[in-house]
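The primary structure of each chain is shown beneath.
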Amino acid sequence: MSWEFLLTALVVCLAPGIGVVYTLSVALGQGLGAGIWAALGCTVATLVHLGVALVGLAAVLHSSAVLFQAIRYAGVAYLLWMAWGTLRGTGGLQVKPAAAQPISRLVGRGIMLNLLNPKLPMFFIAFLPQFMAPTDGPMVMAELGAAFAALTFATFVGYAALAATGRQTVLSRPQVMAWLRRAFAASFAALGVRLALEHA
């Protein structure tokens, strides 16, 4: 495993996306512990997509426009639903002091968000082989994928820690909370629109 792979994977993990937005919003609303569980859910979904790539289903998904579109639009609908719930201040994505959500719900939402992202199996198929030799087999791909998942979890926990550090300052200012809620809602909506407009 090269430093080039680790550095590239870290840059990919740091880029704000669905998992980052979800983890930040949960950590702001419910604290570091909840943010860590949210990060775990997103990471579990990443491992599921890795498994899909390893058994070759990503290639099938890539070759089936209908299947790809179905998954993509399910993801779009879920993101828009999350945006609406966040904007209204309902559900588990409240940017305000919130009662602790069950761990199963925090993890489940993270899993669902990333499972409905059809780009992840494509990412593994397109990204990981760039750091593999022609003679490398599935085991090397699994090792690279596991390293990517570990970096994803560590990065998301870092985001959660940053959000939790400034949580009390944010939560003590209603105007800041209102703008953050709108920002998270807009982020989910923008991610959904971008996913809808991307070509398969």
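Quick note: structure is the one above.
Model, not experiment: these values are computed from the prediction.

Caption draft 1: Fine view of the overall build of the protein chain. The helix and strand tally for the protein chain stands at 10 helices and zero strands. Ordered by position in the sequence, the α and β elements of the protein chain form the string α-α-α-α-α-α-α-α-α-α. In the protein chain, buried positions account for 44% of the 200 residues. If you take every contact in the protein chain between residues at least 6 apart in sequence, the share linking residues at least 24 apart comes to 85%. Accessible area for the protein chain stands at about 9800 Å²; split by element, carbon and sulfur atoms hold 71% of it.

Caption draft 2: Quick peek at the environment of Val157. Checked against the element boundaries, Val157 lands in helix H8 (residues 138-165). On a C-alpha basis, the gap between Val157 and Ile36 in space is 5.6 Å, while along the polypeptide they are 121 residues apart. Once residues within four sequence positions are removed from consideration, Val157 is found in contact with Ile36 and Ala39.

Thresholds, definitions, all that
- Residues numbered from 1 in each chain as written.
- Predicted model: local features only at pLDDT ≥ 70, side-chain atom pairs only at ≥ 80, totals over all residues.
- Heavy atoms only, no water.
- Helix = DSSP H or I, 4+ residues; strand = E, 2+ residues; numbered from the N terminus.
- Buried < 20%, exposed > 50% of the residue type's maximum accessible area, 1.4 Å probe, protein only.
- Contact = heavy atoms within 4.5 Å.
- Areas by Shrake-Rupley, 256 points an atom, 1.4 Å probe, with all protein chains shown as cover.

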